[in-house]
Structure formats: C-alpha cells, structure tokens
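A look at the structure
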Amino acid sequence: MHIVLPDPVKKVIDILEKNGHEAYAVGGCVRDSMMGKKPHDWDVTTSALPAEVKACFDRTFDTGIEHGTVTVRMYGESFEVTTYRVDGDYEDGRHPKDVTFTASLKEDLKRRDFTINAMAYNETTGLVDLFGGAEDISSGIIRCVGDPKERFMEDALRMLRALRFSAQLDFMIEEATLSAIKELSGTLSKISAERITAEMIKLITSDHPEKIEAVYDTGLSAIFFPEWDEMMATPQHHRHHCYDVGHHTIEVMKHVRPDKVMRLAAMLHDVAKPVCKKTDPHGEDHFVGHPQLGADMSRDILRRFKLDNATIDGVTVLVRHHDERPEPTKRNVRRLTSRVGADHMPGLLELKRADVYGQSEYKREEKLAELDETERLFDEIVSDGECVRVADLAVTGKDVIAAGVPKGPEIGRILKKLLDMVIEDPAKNDREYLLARIDEWKKQ
Ligand code: ATP
Ligand code: MG
C-alpha cells in the first residue's frame, strides 16, 4: 500500500525523523487516502514529546498542548502533531482523567475508536495496520478497536461516531459493535450537546443522510432528539403520502443539497406533525398548523443543539413556509417572496421540490409543474428588480419624516402600506407617486 503524502507532511515527518523521533500520518487522512478520497487535513503522530516537537520547528502553536498536540506551520499550511499517548481511566464516560505519553505507536493506535481510523503511514515504514483496518475498508465495515462495550463505556460519543462514519463512507457497522451501541445507547446522555451536534451535522450532511434511521433504531435519538422518535412512530394516512412522517422526512433529506441549513430544514420541516395529527371520520390524517408550530419547535430544538443563530434563523424560516402553495401568479410570488425574504426563496423552492419527491406519486407532475412556474416567476421578479422589501421602495423613512410625519411607529406603518401597494402593482414604485400617497395618508 502506497500513500502519496503531500510535500509539507513529508517535510514535517522528515524533520522529526532526522531529529531521532518516529513520526507518521495517522487516522482520518490515512483512511481517506486508502479509499481514494482527498483528506481534508493531515494529522501527524510522533514519539517526540511536545517540547521536542517545538524544538524541531521554527513556527509552532500550543493548540492542545495538555493533550500533546502542537500545531506546526510548514510551507504556509498548518498540521497537528500529537505525541503518542494512552488515555488514562475514563471515570465519567466522557473524558480521560489524564493523558499519558508513551513511546509506543501501538499503544497510541490502540486508543483510537475504529479499525479504519487506527492506521499510521510513513515512507520509511509504510502502512502500520495492527487491527485489520485495511481489510475493514475493503469490506466496508466500521468495527471498534478492541472490545466495543469497553470502548463505548470509555467514551459514549463513539457510538454516534460509528453511525456518522457509516453515513459518510456508506459502511456497515460490524455486529458486535452494533449490538454494543444498542445496549449502551442510554449512556449517550453523558455527552455534551456540542459534541453530539458536531457528529449529527456530519451525519446528515453526508451522502447518506438516510442513515439517520439507524440513530433511531439504536436508541440514540431517544436520548437527545426524542422528537425524531415521535416522527418515526407517526403514520400518515392520506392520498398525498406513502410513508410515515419519519420515512417521508428521510426521503426529503435525500433530495436536498448536502448543506447544513438545507438538511436541517428537511429534517425538521414536519417535526410538529406528530403533535398536530387529527384523523377525520374517513380515516384521513390532517396536520393543521404544523408549519408554524414546527418553526417554533425547530427553534427550541436547534437552540438545545447549541447551533448558531444564523443557522437557526435560516432553518426556521424554511420550516415556517414550507407548506405554502399560492397559485403561481406574479403577484402571489411577489407576496410569497416578501413574506419569506428573497434570500430564502431558492432554499424554499428546493425544500418544496424535495417535499414532493417524498410524497406519493399522486398529482406529482402537477405539483412539480407548479413549483417550476413559481421559480420562473421568482427569477423574473429578481431580474426585473421588482420591489419585495421596504428597502426596495423608491422612497425611504427619511422621505416620510420630511413629509411631516412625526418620528415613531407611524413611519413604519406608512412604509408597510406603500410596500403592500407596490407588491400589488410594481408600476407604483415611482418616487413622485409614492410621495403623493405619503402626503395623502399623513392627513388621515
Ligand atoms: P474527519 O474526516 O471527520 O476529520 P477523522 O477520522 O479525522 O474524520 P476526527 O474526529 O478528526 O476524525 O479524529 C481524528 C482521529 O482521532 C480519528 O481518526 C481517530 O483515530 C481518533 N479519534 C477521534 N475521536 C475519537 C474518540 N472519541 N475516541 C477514539 N479515537 C478518536
Ligand atoms: Mg479529522
């Protein structure tokens, strides 16, 4: 097995070796190279102690020095160089009590989570694969290094990491590893929201977001995302649907781009359906109000996941409007654009199309044709520069004040009224005309 190391990585390893230390590329970069994928970063593991690493290079940063990690700058790029270590006892299922450095590469590889992540490589020695990682890569298997139950008891996050790698790589989870996850899923409650969210985002933005089903099957979502379990357990009897809420949602996730906001919006668009479900006398299910309640629930869930406000706002606006289906006339699309915000319209159209693909084939062609027409009209509105926000009006708040309206809420009220008028008829977005309306309205 030959891996092409980038020049700066070769140089870092070479310098450490010339100074009498061992050094290898390790972990994700070795795994990805062996699979023919381009690694997004290269980590180096070394027998050198952190102080020795720092002595070998001109430019270093103490990124995680207490864990033995030094960042080395080489040819303008950064690399994390970490001293071989063994983790001390895990008393709380979260972090090791202490970290001990070791002179043995084998000990360092043994503490790593999965066989495919526990390989090292350099040009002097070639591949170091002590746990069958290469074989597991070729058979597409995620398998713990050592006893899975022990490994998950040390760090419960590894259970979710197993599912995340299985989604990113489209690998199966080996039997003993999977049954240990099912047995110990409850212990994920010891893990912080931030660490769980980081793995979940990687899972749902992967090429296989459908693996979120395994998060439910293993019992892990019950711990941090019980709303998902409700969705998986809610059938929907309706001619527009052929899946329960959970499986419909998975289909929708597969049909949007692997983008954080888009995949989260798809994941949450029907989150309120279990709460809103009402069955009519004919046995058909209805979910009145689920987009609005869903937007509120999404906000709470994403806050609990400790996501940033930009992400939360971007997702909730899509959830809130995902079910609006105005007849595609230019005026209706201007109104929709003004409610949603022009920036969110492409995402909303993408989500709505994906939503159709997650439904039964009943009226599918009509639904898609309606969305095509909505998109065409939206593109026209943009290219014609038609007014859809107060900021696009031919007058501003200053003009309203200059017309003699006292500062206060009346200014905003007048601007909103002008906007509504211009949305109805874009020809009215004319400065003289609008100034005349301000004059007329201020007297009322
Ligand atoms: P990615 O492509 O997502 O960065 P990665 O394999 O590099 O994948 P990281 O989370 O960056 O994953 O971790 C780097 C390496 O550190 C892993 O390949 C693995 O060897 C080890 N590792 C990371 N987290 C754990 C953990 N919780 N338990 C054991 N080993 C871990
Ligand atoms: Mg990494």
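Points about the overall build of the protein
Summing up its helical and strand segments, the protein has 23 helices and 13 strands in all. On C-alpha atoms alone, the protein measures out to a radius of gyration of 28 Å, which is more than a quarter above the 22 Å that the 2.2 N^0.38 rule sets for 444 residues. Over its C-alpha atoms, taken along the principal directions, the protein stretches across nearly 85 × 60 × 40 Å. Looking at the protein residue by residue over its 444 residues, the buried ones come to 49%. Sequence-distant contacts, at least 24 apart, represent 63% of the contacts inside the protein between residues at least 6 apart. A total accessible area of about 20800 Å² is found for the protein, and carbon and sulfur atoms account for 50% of it. Each charge class in the protein can be summarised by its mean position, and for the 63 positive and 80 negative side chains these summaries are 5 Å apart.

Describing the domain arrangement of the protein
Domain boundaries assigned for the protein yield domain 1 (7-129), domain 2 (140-224), domain 3 (225-370) and domain 4 (390-442). Placing the centre of domain 1 and that of domain 4 at their C-alpha centroids yields a distance of 63 Å.

Here we look at the nonpolar core
Among the nonpolar cores identified, the biggest contains 97 residues, and Leu16, Ile212 and Met267 are the most heavily contacted of them. Looking at this core element by element, the count peaks at eight residues for helix α7 (residues 157-169). If we ignore the near neighbours within four places in the chain, the residues touching Leu16 are His21, Ala23, Val44, Thr46, Ala48, Val53, Cys56, Phe57 and Val81. In terms of nonpolar packing, the next biggest core, distinct from the first, is built from 17 residues, Ile411, Leu415, Leu434 and Ile438 among them.

Thoughts on the packing of helix α19 (residues 345-357) against helix α20 (residues 364-383)
Helix-helix packing is characterised by the crossing angle of the two axes and by the distance between the axes. Contact pair α19 / α20: the axes reach a minimum separation of 10 Å and the direction vectors enclose 175 degrees. With respect to their mutual orientation, α19 and α20 come out roughly antiparallel. Packed against α19, whose contacting residues are Met345, Pro346, Leu349, Lys352, Arg353, Val356 and Tyr357, the element α20 presents Arg364, Lys367, Leu368, Leu371, Asp372, Thr374, Glu375 and Phe378 at the interface. The residue makeup of the contact of α19 with α20, split by class, is eight nonpolar, one polar and six charged.

With respect to the sheet that holds strand β9 (residues 126-128)
In space, the seven strands of this open sheet follow the order β3-β4-β5-β2-β1-β8-β9, with mixed pairing throughout. Lying at the two open borders of the sheet, with one neighbouring strand each, are β3 (60-64) and β9. Averaged over all adjacent pairs, the angle separating strand axes in this sheet is 35 degrees, with direction ignored.

Structural notes on the site of ligand 1
Lining the immediate surroundings of ligand 1 are 14 residues, of which Arg31, His40, Asp155, Arg158 and Arg164 lie closest. Here a nitrogen atom of ligand 1 and a side-chain polar atom of Asp155 are 2.9 Å apart. Contact with the protein chains covers 80% of the free accessible surface of ligand 1, which is 580 Å². Judged by its atoms lying within 2 Å of the grid points, ligand 1 is housed in the largest pocket. Of all elements in the fold, only α2 (28-34) and α7 reach the threshold of two or more residues within the shell around ligand 1. Broken down by element, the shell around ligand 1 gets its largest block of residues, four residues, from α7.

Section: empty space enclosed by the protein
Using the criterion set out here, one finds one cavity of 30 Å³ or more in the structure. Counted as a void, the largest cavity has a volume near 40 Å³. Lining the largest cavity are Met200, Ile201, Ile204, Leu264, Met267 and Phe305. Every element with two or more residues in the lining of the largest cavity is listed here: α9 (193-204) and α14 (260-268). At three residues, the largest contribution of residues to the lining of the largest cavity is made by α9. Considered class by class, the residues forming the lining of the largest cavity number six nonpolar, no polar and no charged. In this structure, the lining of the largest cavity is formed jointly by two domains, domain 2 (140-224) and domain 3 (225-370), each of which donates at least three residues.

Comments concerning the pairing of strand β4 (residues 69-74)
For β4, the tally of buried residues reaches five of six residues, placing the bulk of the element in the interior. Bridge count for β3 against β4 is three bridges, and the pairing is antiparallel. In the sheet register, Phe61 faces β4, and the bridge partner there is Thr71. Connecting β3 to the next strand, β4, in antiparallel fashion are four residues, including Gly68 with a positive phi near 90 degrees. Here β4 pairs with strand β5 (residues 77-83) via six bridges, running antiparallel. Directly across from Thr69, in β5, lies its bridge partner Thr82.

Some words on the layout of surface pockets
Taken as a whole, the largest pocket encloses approximately 1400 Å³ of empty space. Lining the largest pocket are 45 residues, with Asp43, Arg111, Arg112, Asp113 and Arg161 sitting closest to its centre. Going through the elements one at a time, α2, β2 (43-46), β5, β6 (85-87), α7 and α9 are the ones with two or more residues in the lining of the largest pocket. Ranked by residues supplied to the lining of the largest pocket, first place goes to α7 with seven residues. Domain assignment of the residues forming the lining of the largest pocket places at least three in each of domain 1 (7-129) and domain 2 (140-224). Here the second largest pocket is characterised by a volume of approximately 690 Å³.

Side note on the environment of Leu302
Its place among the elements puts Leu302 in helix α16 (residues 290-304). Note on Leu302: relative accessible area 0%, which makes it buried. Considered as a pair, Leu302 and Leu264 are 38 residues apart in the sequence and their alpha carbons are 9.1 Å apart. Residues in contact with Leu302, not counting those within four places in the same chain, are Leu264, Leu268, Leu307, Ile312 and Val315.

The rules behind each value
Residues numbered from 1 in each chain as written. Chains lettered and ligands numbered in written order. Predicted model: local features only at pLDDT ≥ 70, side-chain atom pairs only at ≥ 80, totals over all residues. Heavy atoms only, no water. Helix = DSSP H or I, 4+ residues; strand = E, 2+ residues; numbered from the N terminus. Rg over C-alpha atoms; globule rule 2.2 N^0.38 Å. Buried < 20%, exposed > 50% of the residue type's maximum accessible area, 1.4 Å probe, protein only. Contact = heavy atoms within 4.5 Å. Areas by Shrake-Rupley, 256 points an atom, 1.4 Å probe, with all protein chains shown as cover. Lys, Arg positive; Asp, Glu negative; His and termini not counted. Charge placed at Lys NZ, Arg CZ, Asp CG, Glu CD. Domains from an automatic or database assignment. Core = buried A, V, L, I, M, F, W, Y, C linked by side-chain atoms within 4.5 Å. Axes fitted to C-alpha atoms, helices over the stretch in contact; angles between N-to-C directions. Parallel < 35°, antiparallel > 145°, perpendicular 65-115°, else oblique. Nonpolar A, V, L, I, M, F, W, Y, C, P; charged D, E, K, R; others polar. Pairing = 2+ DSSP bridges. Near = heavy atom within 4 Å. Polar contact = N/O pair within 3.5 Å; in protein donor to acceptor, adjacent residues only side chain to side chain. 1 Å grid on protein atoms, 1.4 Å probe; cavity = no way out; pocket = protein on both sides within 12 Å on 5 of 7 lines; lining within 4 Å. Sits in = over half its atoms within 2 Å of the grid points. Points joined across faces, edges and corners; volume = space filled by probe spheres on them.

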